[in-house]
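Here are the chains, one letter per residue:
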Amino acid sequence: MTLYGIPPAGLRRAMAPESGRDHAHAIADAAHAWWTSNRGGSGDRAIAVGTLAALALCAPSRPDGPDYGPLLLPLDDEQLVDTLRAGWNSFWTYDPDLTEAARPLHDWLSHPTDSDVRGLADYARILVRAGLLEYCSDTARAESDDVLGLLITRMRSYSERQSTGEFFTPAAAANNVGDILLSTDRRPGDLLLEPAAGTGTMTRAAAATMRYFGADPAEYRWWLNDLDPLNAACCAVNAQLWRLGQHVTVSCGDALKHPRLLEQAVQGRAERASAEQKARPVLYPTTTRPPFWPWQFTPPS
């Protein structure tokens, strides 16, 4: 039995590509194809990537977890927007600083226009059909490639990437670099800094290498920085998808020319976000929320 043409979770897992990297590309391809066909280009990339990011954060915390697809399938556009707000509210409760760093992905939810929300429920169904929830609930799959980075790359034209000098390291190359860099001894508590992180794929490779050698990335400190605000926002979400733990800093700025100023800015943002979260526990007001939505106060583990 299928609902809205989408098979249940067990069948979606069985139908998913065997390779996690192939699965990530299939999700990004499906998302990009729908968006360009139905929304007429890539001008709303923050909404396209932000919707994928919010649903990714709300995936089950384990591969055999419950199927949240049926909670999403019946929603219309307005209800889907409300559900996205609820997801970011949960992230805000858990880590206000990273939620603030991810603001370029969700700030549009504060005052969305009719154009912003048009077709989003159909877009969400495309993501569910492509197996986004199953992909993100499996750490080994989720860290095999950077699905957010793949979608951003598809939504940026070649000329745009050329003008900014932007180059996303392919997953295979990042994995090789991770194997080389992490082959030496590392101690829990060490800081791993990526000053030009993009959306974080080198960090993804490093975390995967650590797990391969029996280490827990959550026992280390991570600092991911990029000049592009949308890229940095994706780093904040990826830190959760790749289970990097609670010692993660995400910044946006020139980490090579002005590291001290950047450090001060990040510290100030964290203090303001923490104070604001205490004063305003709910980031976005919501009228409804699915009854069994995953992690309300703790992230996937």
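Everything here concerns the structure above.
Residues numbered from 1 in each chain as written. Predicted model: local features only at pLDDT ≥ 70, side-chain atom pairs only at ≥ 80, totals over all residues. Heavy atoms only, no water.

K.L.:
Lay out the overall build of the protein with the relevant residues and their values.
P.N.:
Looking only at helices and strands, one finds 17 helices and three strands in the protein. Counting every atom, the protein has about 13,600 Å² of accessible surface; 55% of that belongs to carbon and sulfur. (Helix = DSSP H or I, 4+ residues; strand = E, 2+ residues; numbered from the N terminus. Areas by Shrake-Rupley, 256 points an atom, 1.4 Å probe, with all protein chains shown as cover.)

K.L.:
I'd love a proper account of the environment of Arg12, names of residues and values included.
P.N.:
Tracing the backbone shows Arg12 in helix H1 (residues 9–15). Separated by 123 residues in the primary sequence, Arg12 and Tyr135 have C-alpha atoms spaced 10.0 Å apart.

K.L.:
Tell me about the environment of Tyr123, residues and numbers included.
P.N.:
Position of Tyr123 among the secondary structure elements: in helix H9 (residues 120–129). C-alpha of Tyr123 to C-alpha of Asp77: the two residues are 46 residues apart in sequence and 9.5 Å apart in space. In contact with Tyr123, other than residues within four places in its own chain, are Ala31, Trp34, Trp35, Ala48, Thr51, Leu52 and Leu151. (Contact = heavy atoms within 4.5 Å.)

K.L.:
Requested: an account of the pattern of salt bridges, with residues and values cited.
P.N.:
Under the defined criterion, the tally for this structure stands at twelve salt bridges. Note that Arg154 and Asp29 form a salt bridge whose closest N and O atoms lie 2.7 Å from each other. Placement of the pair is Arg154 in helix H12 (residues 147–155) and Asp29 in helix H2 (residues 20–38), with a sequence separation of 125 residues. Look at Arg154 and you get partly exposed, because its relative accessible area is 24%. You can call Asp29 partly exposed: its relative accessible area is 40%. Because the salt bridges share partners, they merge into one network encompassing Glu100, Arg103 and Asp107. (Salt bridge = Lys/Arg side-chain N within 4 Å of Asp/Glu carboxyl O. Buried < 20%, exposed > 50% of the residue type's maximum accessible area, 1.4 Å probe, protein only.)

K.L.:
Tell me about the pairing of strand S1 (residues 191–194), and please be specific about residues and values.
P.N.:
Along S1, the buried face is formed by Leu192 and Glu194; none of Leu191 and Leu193, which line the opposite face, is buried. Pairing between S1 and strand S2 (residues 221–226): four bridges, direction parallel. Bridge pairing in S2 places Leu191 opposite Arg221. The handedness of the S1 to S2 crossover, carried by helix H15 (residues 201–212), is right-handed. (Pairing = 2+ DSSP bridges. Right-handed = clockwise from strand over helix to strand, strands pointing away.)

K.L.:
Outline unusual backbone geometry, supporting the account with residue identities and numerical values.
P.N.:
Phi at Arg243 is positive, roughly 55°, even though this residue is not glycine. Relative to the helices and strands, Arg243 resides in the loop between helix H16 (229–241) and strand S3 (248–252).

K.L.:
Go over the side chain of Asn238 with me, naming the residues and quoting the values.
P.N.:
Structurally, Asn238 can be placed in helix H16. Once residues lying within four places of it in the same chain are set aside, the contact partners of Asn238 are Asp146, Leu148 and Thr199.

K.L.:
Provide a residue-level description of the nonpolar core, including the pertinent values.
P.N.:
Formed by 76 residues in total, the largest nonpolar core has its most connected members in Leu52, Trp88, Leu105, Tyr123, Trp222 and Val237. Residues in contact with Leu105, not counting those within four places in the same chain, are Ala46, Val49, Gly50, Ala53, Trp88, Leu230, Ala233, Cys234 and Val237. (Core = buried A, V, L, I, M, F, W, Y, C linked by side-chain atoms within 4.5 Å.)

K.L.:
I'd like a description of the state of the cysteines, backed by residues and values.
P.N.:
Taken as a whole, this structure holds zero disulfides when the rule is applied. This cysteine, Cys234, is not joined by any disulfide, and Cys235 carries the nearest cysteine sulfur, 7.4 Å off. Judged by its relative accessible area of 0%, Cys234 is buried. With a relative accessible area of 1%, Cys235 lands in the buried category. (Disulfide = S-S within 2.5 Å.)

K.L.:
I'd like a rundown of the environment of Gly50, residues and numbers included.
P.N.:
Note on placement: Gly50 falls in helix H3 (residues 45–57). Residue Gly50 is classed as buried on the basis of its relative accessible area of 1%. A C-alpha to C-alpha distance of 6.0 Å links Gly50 and His106, two positions 56 residues apart in sequence. Among all residues touching Gly50, those that are not within four sequence positions of it are Arg45, Trp88 and Leu105.

K.L.:
Just give me the short version of the packing of H2 against H9, but keep the residues and values in it.
P.N.:
Orientation of H2 relative to H9, taken along the N-to-C sense of each, is 155°, at an axis distance of 9 Å. One element, H2, and the other, H9, form an angle in the roughly antiparallel class. Read as a crossing pair, H2 and H9 show a hand that is right-handed. On H9, the residues touching Ile27, Ala30, Ala31, Trp34 and Trp35 of H2 are Leu120, Asp122, Tyr123, Ile126 and Leu127. Here the contact of H2 with H9 is composed, by residue class, of nine nonpolar, no polar and one charged. (Axes fitted to C-alpha atoms, helices over the stretch in contact; angles between N-to-C directions. Parallel < 35°, antiparallel > 145°, perpendicular 65-115°, else oblique. Left-handed = near helix turned anticlockwise from the far one by under 90°. Nonpolar A, V, L, I, M, F, W, Y, C, P; charged D, E, K, R; others polar.)

Remember that the coordinates give geometry; whether it matters functionally is a separate question.
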